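Report on the structure
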Amino acid sequence: MALDPETRQQLIETVRRFVNEVCRPNEQLLSETNAIPDAIVRQMRDLGLFGLSIPEAYGGLGLTMEEEALVILEMGHTSPAFRSAFGTNVGIGSQGIVMFGREDQKHDWLPKLATGEAIASFALTEPDSGSDAGSVKTKAAKDGNHYVLNGSKRFITNADKAHIFTVMARTDPDTPGAKGLSAFIVDRATPGITIGEPEKKMGQQGANVCDVVFDNARVPIANRLGEEGEGMKVAMSVLDRGRLHIASLSVGIAERLVEEITRYGSERKQFGKPIIEHQLVMGMIADSYAEAAAGRAMVLNAVRKYDAKDKITLLAAATKMWCTEMVGRVADRAVQVFGGAGYIADCAVERFYRDVRILRLYEGTTQIQQIVIGRELQRMAKAGEI
Ligand code: COS
């Protein structure tokens with residue numbers, strides 16, 4: 001149920017204060033140490049950030065998608081690795097259970113995910129299966145009351161901290177493609193699971209991605225999410241929603257960058273006046289402001305449609321595509337406005353420039369979003385909906 005307007009405003013202002021007073025002063029530290037200080041993670045837990053999307057019945061805040069987007073827009077005003085600490089619990093790690101879990105599965109895991117006591121990760125991508133999600137090779141072979149998992153997952157966000165994984169694996173070796181896949185909740189403590197070292201990445205220091213290897217890991221049949229063969233449906237439903245979350249984050253970062261370039265442009269003088277008064281610089285700042293504002297409107301429209309239970313696949317893909325591309329343009333302009341100062345390692349715009357590059361890749365590349373959009377439009381045309 002949606003919050004009343006006053007509570008909603010209080011929530012947004014609380015998150016804004018947390019971002020301004022706690023996260024922003026620690027951006028440099030986060031980048032240098034590649035880790036979020038424990039004290040900040042504790043504050044995230046106290047604020048309920050790990051449980052934004054988890055129903056109140058399981059100890060979460062049970063926010064609507066619109067409310068979640070408003071929180072994530074605020075979190076976008078600081079280094080996105082802060083959001084990543086709780087992002088998988090709110091989004092792709094937990095939503096398989098929220099959407100497809102049985103009562104006992106929800107009861108076992110959601111309360112711990114809501115408080116941040118347990119961390120959830122989403123394990124779809126593999127060395128040979130990225131954009132082609134239906135080609136997953138990890139096997140889940142039935143053996144008595146268990147499935148035996150064998151295979152490797154790659155670039156799994158928060159795998160190093162995870163207590164559970166939502167894993168997509170092939171239960172039907174004779175059915176190639178998406179129809180042979182099923183989804184599972186896999187406890188990290190299961191014997192036969194190895195987590196790789198965190199990868200060294202271009203940006204988002206403090207948010208780790210690792211390999212996850214399954215070597216005869218025995219997962220109880222009771223841990224399957226949905227029916228056999230529904231793995232792709234679980235993954236894609238989770239990603240439809242995740243794409244709205246990433247779009248919100250992108251818009252938040254674009255807004256932060258507009259703030260950075262407006263302030264810098266007003267302070268930095270060249271040719272005897274603030275550079276914002278030079279029309280070519282002014283144009284870059286104005287374009288960035290307008291694009292961030294357009295992104296906010298696009299996100300709010302899409303999340304309201306999600307909350308109204310409209311079919312969201314088309315709009316989620318379009319919103320994710322446009323907002324992540326948009327923040328890429330804004331970050332590029334931000335470096336341009338800062339000039340040489342924007343190229344110096346670890347100044348804010350240099351960091352954001354690197355941080356935002358992944359947004360156009362994960363949870364479906366821009367080119368995958370184009371495919372989803374094209375196919376959905378064609379489907380609608382065939383169905384006479386266009
Ligand atoms: N919601 C629910 N179910 C969906 C769905 C959605 N948005 N999209 C697809 N499905 C279902 C389909 O209905 C189909 O099931 P049925 O055959 O029972 O109808 C099944 O999933 C397979 O769909 P499709 O045939 O469209 O699959 P493709 O193999 O052609 O793949 C794309 C479709 C390319 C869109 C998909 O693989 C994709 O999104 N890839 C990107 C993956 C990604 O985002 N990776 C990032 C990892 S997380 S960081």
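Residues numbered from 1 in each chain as written. Predicted model: local features only at pLDDT ≥ 70, side-chain atom pairs only at ≥ 80, totals over all residues. Heavy atoms only, no water.

1. Considering the packing of aromatic side chains
Using the criterion set out here, one finds three aromatic pairs in the structure. Between Y147 and F184 the ring centres are 4.7 Å apart and the planes differ by 65°, which places this aromatic pair in the edge-to-face class. In this pair, Y147 sits in strand β3 (residues 146-157) while F184 sits in strand β5 (residues 181-187), placing the two residues 37 residues apart along the sequence. Like Y147, the residue F184 is buried in the burial classification. Taking 4.1 Å as the distance between ring centres and 10° as the angle between the ring planes, the aromatic pair formed by Y264 and F338 counts as stacked. Of the two residues, Y264 is situated in helix α8 (residues 231-267) and F338 in helix α10 (residues 313-338); the sequence distance between them amounts to 74 residues. We note that Y264, like F338, is buried. Lying across the ring of W109, K112 places its NZ or CZ 4.8 Å from the centre. (Phe/Tyr/Trp six-rings, centres within 6.5 Å; stacked < 30°, edge-to-face > 60°. Helix = DSSP H or I, 4+ residues; strand = E, 2+ residues; numbered from the N terminus. Buried < 20%, exposed > 50% of the residue type's maximum accessible area, 1.4 Å probe, protein only. Lys NZ or Arg CZ within 6 Å of the ring centre and 35° of its normal.)

2. Digging into the packing of α8 against helix α9 (residues 279-307)
The N-to-C vectors of α8 and α9 enclose an angle of 155°; their axes lie 9 Å apart at closest approach. With respect to α9, the axis of α8 lies roughly antiparallel. In this structure, α8 crosses over α9, and the sense of that crossing is left-handed. Of the residues in α9, those in contact with R241, L244, A247, S248, V251, A254, E255, V258, I261 and T262 of α8 are I285, S288, Y289, A292, G295, R296, V299, A302, V303 and Y306. When its residues are assigned to classes, the contact of α8 with α9 shows 13 nonpolar, four polar and three charged. (Axes fitted to C-alpha atoms, helices over the stretch in contact; angles between N-to-C directions. Parallel < 35°, antiparallel > 145°, perpendicular 65-115°, else oblique. Left-handed = near helix turned anticlockwise from the far one by under 90°. Contact = heavy atoms within 4.5 Å. Nonpolar A, V, L, I, M, F, W, Y, C, P; charged D, E, K, R; others polar.)

3. Digging into the environment of P191
Relative to the helices and strands, P191 resides in the loop between β5 and β6 (193-195). Note on P191: relative accessible area 65%, which makes it exposed. Counting along the chain gives 23 residues from P191 to F214, while the straight-line C-alpha distance between them is 9.0 Å. Setting aside residues no more than four positions away along its own chain, P191 makes contact with N216, A217 and R218.

4. Remarks on the domain arrangement of the protein
Frequently, the measure chosen for interface size is the accessible area removed from exposure when the parts meet. The domain architecture assigned to the protein consists of domain 1 (5-115), domain 2 (120-229) and domain 3 (233-382). At the interface, 11 residues of domain 2 touch 13 residues of domain 3. Around 890 Å² of area is buried between domain 2 and domain 3 when both sides are counted, 69% of it from carbon and sulfur atoms. Looking at the side of domain 2 facing domain 3, the largest losses of area belong to F122, M202 and Q204, adding up to 52% of the total buried there. Seen at the junction of domain 2 and domain 3, the total is zero salt bridges. Between domain 2 and domain 3 we count two residue pairs in polar contact (both at pLDDT 80 or more) in total. (Domains from an automatic or database assignment. Buried area = accessible area lost by both parts, 1.4 Å probe. Salt bridge = Lys/Arg side-chain N within 4 Å of Asp/Glu carboxyl O. Polar contact = N/O pair within 3.5 Å; in protein donor to acceptor, adjacent residues only side chain to side chain.)

5. Here we look at the site of the ligand
Close to the ligand lie 21 residues, the nearest being S131, K179, D240, R243 and R375. K179 is positioned such that a nitrogen or oxygen atom in its side chain is 2.6 Å from an oxygen atom of the ligand. Take G364: an N or O atom from its main chain is 3.0 Å from an oxygen atom of the ligand. With the chains in place, 66% of the 1000 Å² that the ligand exposes on its own is no longer accessible. At the level of elements, α8 and α12 (366-382) are the ones that each hand at least two residues to the shell around the ligand. Here the element with the most residues in the shell around the ligand is α8; it accounts for seven residues. (Near = heavy atom within 4 Å. Areas by Shrake-Rupley, 256 points an atom, 1.4 Å probe, with all protein chains shown as cover.)

6. A short note on the pairing of β3
Pairing between strand β2 (residues 139-143) and β3: five bridges, direction antiparallel. The residue bridging K139 from the neighbouring strand is N150, located in β3. Once β2 ends, the chain turns through two residues before running back antiparallel as β3, passing G144 with a positive phi of about 65°. Sheet topology places β3 next to strand β7 (residues 209-220); nine bridges connect them, and they run antiparallel. From the neighbouring strand, V148 faces β7, where its bridge partner is R218. (Pairing = 2+ DSSP bridges.)

7. Here we look at empty space enclosed by the protein
To find leftover empty space, one rolls a probe the size of a water molecule over the atoms. Within this structure, the stated rule accounts for one cavity of 30 Å³ or more. Here the largest cavity is characterised by a volume of approximately 50 Å³. Taken together, L30, S31, S79, P80, A81, Q204, Q205, R351 and D355 make up the lining of the largest cavity. For the lining of the largest cavity, the secondary structure elements donating two or more residues are α2 (27-33), α5 (80-90) and α11 (348-355). Residues that form the lining of the largest cavity fall into these classes: three nonpolar, four polar and two charged. (1 Å grid on protein atoms, 1.4 Å probe; cavity = no way out; pocket = protein on both sides within 12 Å on 5 of 7 lines; lining within 4 Å. Points joined across faces, edges and corners; volume = space filled by probe spheres on them.)

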